[in-house]
Amino acid sequence: MRILILVLLVVLSAGPSGAVDPREILKDPILETRAREISKGVRCVVCQNQSIDDSDATLARDLRVLIRERLTAGDSNQQVVDYLVSRYGDFVLLKPPFKLTTLALWGGPLLIGFLGLAALISFYRRQRMRQSAAAPPPLNDKERRQLNDLLDGDPS
Amino acid sequence: MNNRVLFVMPLVVFLVLAGYFAVGLTLDPKKLPNMLAGKPVPDFALKPIKGRDDKGFASADLKKSVSLVNIFGSWCVACQVEHPFLMELKATSDVPIHGIDWREVDPDAGPAWLKKKGDPYALVGDDPRSRAAIAFGVTGAPETFLVDAEGVVRYKVVGPINKALWDDTLKPLIDKLRQGGAS
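The structure displayed is predicted, hence computed values, not measured ones.

S.K.: Sorry if this is basic, but what is going on with the overall build of chain B here?
M.R.: For chain B, the count of helices and strands is five helices and seven strands. Secondary structure elements of chain B, listed N to C terminal, follow the sequence α-β-β-β-α-β-α-β-α-β-β-α. Taken over the C-alpha trace, chain B has a radius of gyration of 21 Å; the compact-globule value for 183 residues is 16 Å, which it surpasses by more than 25%. For chain B, the C-alpha atoms occupy an extent of roughly 80 × 45 × 30 Å along the three principal directions.

Put into structure tokens, the structure is as follows:
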């Protein structure tokens, strides 16, 4: 029983740890957390759909070390990211920034959503209009009498 | 009228998607923009590799003449393909080629490679921790940068350079830079 609890504890406490080598980890836990945070948003330029936090590539390793060195030297997170962007372009950011060249990327889904909403509204509005147009004019007195007669089945 | 619009809608959607794919699928995701184009070379100062008793290779060395900076490594297969052409360039052209020996696990590997195959480089710097490579925005070897006499990066080649690329692109650019520098 005790062993079972032990095993469960070990299994449940194991989270994804990325590709970070224990030797890279900074002593200062705050700086290390910041380094991990930056690494998760930086694309590995060798294996392009991984972040450098996940990648085993040697260049990703060197980038992680570089990020840690820059943080230790007193750079802010933004300064570190800006340095990498100045070398590799916006492409290194896994989340592309919002600017003129990415307007279609960020605005596109919104635009399509609005178009869909507009189409939906116009569809319902037209349907309602068609229903009211198709409704027959109300019966006049004579017609109503005829109808009643027919329903009663008793001509009088 | 309205039905007709609905009727051609699938065709329109198809054409738009086909247009996106026609452009998108021909793009090479490995080709990153050259962020350094028109900018001065990054600051770097690399130690010499073993067996070369020069002073290594630093950014100041690039402010003398139009030159090429070639990032290579003894581990890199494409560099082996490129190497004979660099030797040919050394023999036939007066443009100095500088090398950055990138990420050698064994510090003897780069020098041994050059000794065995020939050394096309004027200056070579050792970059075991990718410092210069990252500063240049390198994603893989080989990459070659064309740098003008003021030390400004003018062009970047990803992958091996060969005769066709030299004749069609690099040589004309170099001639133009040299004329511009003379005036």
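S.K.: I would appreciate a short explanation of the nonpolar core in the present structure.
M.R.: One recurring pattern in soluble globular proteins: nonpolar side chains tend to sit buried together. The biggest cluster of nonpolar side chains holds 53 residues, and the ones touching the most others in it are Leu63 of chain A together with Ile71, Ile100, Ala133, Phe136 and Val147 of chain B. Take this core: its biggest share by element is five residues, from helix H3 (residues 58-72) of chain A. If we skip the residues at most four places from it in the chain, Ile71 of chain B touches Ile100, Trp102, Ala133, Phe136, Val138, Ala141, Pro142 and Glu143 of chain B.

S.K.: What am I meant to see in the packing of helix H2 (residues 29-40) of chain A against H3 of chain A here?
M.R.: Packed helices, taken two at a time, are described by the angle their axes make and the gap between the axes. Residues and elements named next belong to chain A. Two elements in contact, H2 and H3, have axes separated by 10 Å at closest approach and are oriented at 135°. Here H2 is positioned oblique relative to H3, judged by the angle of their axes. Helix-helix and strand crossings are classified by hand; for H2 and H3 the assignment is right-handed. Across the interface between the two elements, Leu31, Arg34, Ala35, Ile38 and Ser39 from H2 touch Arg64, Ile67, Arg68, Leu71 and Thr72 from H3. Class assignment of the residues belonging to the contact of H2 with H3 gives a composition of five nonpolar, two polar and three charged.

S.K.: Which parts of the structure should I look at to understand the interface of chain A and chain B?
M.R.: Contact residues are listed per partner, giving 13 residues for chain A and 12 residues for chain B. For the side of chain A that touches chain B, the secondary-structure elements that each account for two or more residues are H3 and helix H4 (77-88) of chain A. Broken down by element, the residue count for the side of chain A that touches chain B peaks at five residues, all from H3 of chain A. Residue composition of the side of chain A that touches chain B, grouped by class: seven nonpolar, four polar and two charged.

S.K.: Can you walk me through the pairing of strand E4 (residues 97-102) of chain B in this structure?
M.R.: The side chains of a regular strand alternate, residue by residue, between the two faces of the sheet. All names here are of chain B. Along E4, six of the six residues are buried, which leaves the element largely enclosed by surrounding structure. Of the two faces of E4, the one lined by Ile97, Gly99 and Asp101 and the one lined by His98, Ile100 and Trp102 are each fully buried. Note: strand E3 (residues 67-72) against E4, five bridges, orientation parallel. Within E4, the position partnered with Leu68 by the bridge is Ile97. Where the polypeptide runs from E3 across helix H2 (residues 77-92) and back to E4, its parallel neighbour, the crossover connection is right-handed. The sheet contact formed by E4 and strand E5 (residues 124-127) spans four bridges and is parallel. Note that in E5 the partner of Ile100 across the bridge is Gly125. Of the crossover connections in this fold, the one passing from E4 over helix H3 (residues 109-117) to the parallel E5 is right-handed.

Definitions and cut-offs
- Residues numbered from 1 in each chain as written.
- Chains lettered and ligands numbered in written order.
- Predicted model: local features only at pLDDT ≥ 70, side-chain atom pairs only at ≥ 80, totals over all residues.
- Helix = DSSP H or I, 4+ residues; strand = E, 2+ residues; numbered from the N terminus.
- Rg over C-alpha atoms; globule rule 2.2 N^0.38 Å.
- Core = buried A, V, L, I, M, F, W, Y, C linked by C-beta atoms within 7 Å.
- Buried ≥ 20, exposed ≤ 12 C-beta atoms within 10 Å, placed from the backbone.
- Contact = placed C-beta atoms within 7 Å.
- Axes fitted to C-alpha atoms, helices over the stretch in contact; angles between N-to-C directions.
- Parallel < 35°, antiparallel > 145°, perpendicular 65-115°, else oblique.
- Left-handed = near helix turned anticlockwise from the far one by under 90°.
- Nonpolar A, V, L, I, M, F, W, Y, C, P; charged D, E, K, R; others polar.
- Pairing = 2+ DSSP bridges.
- Right-handed = clockwise from strand over helix to strand, strands pointing away.

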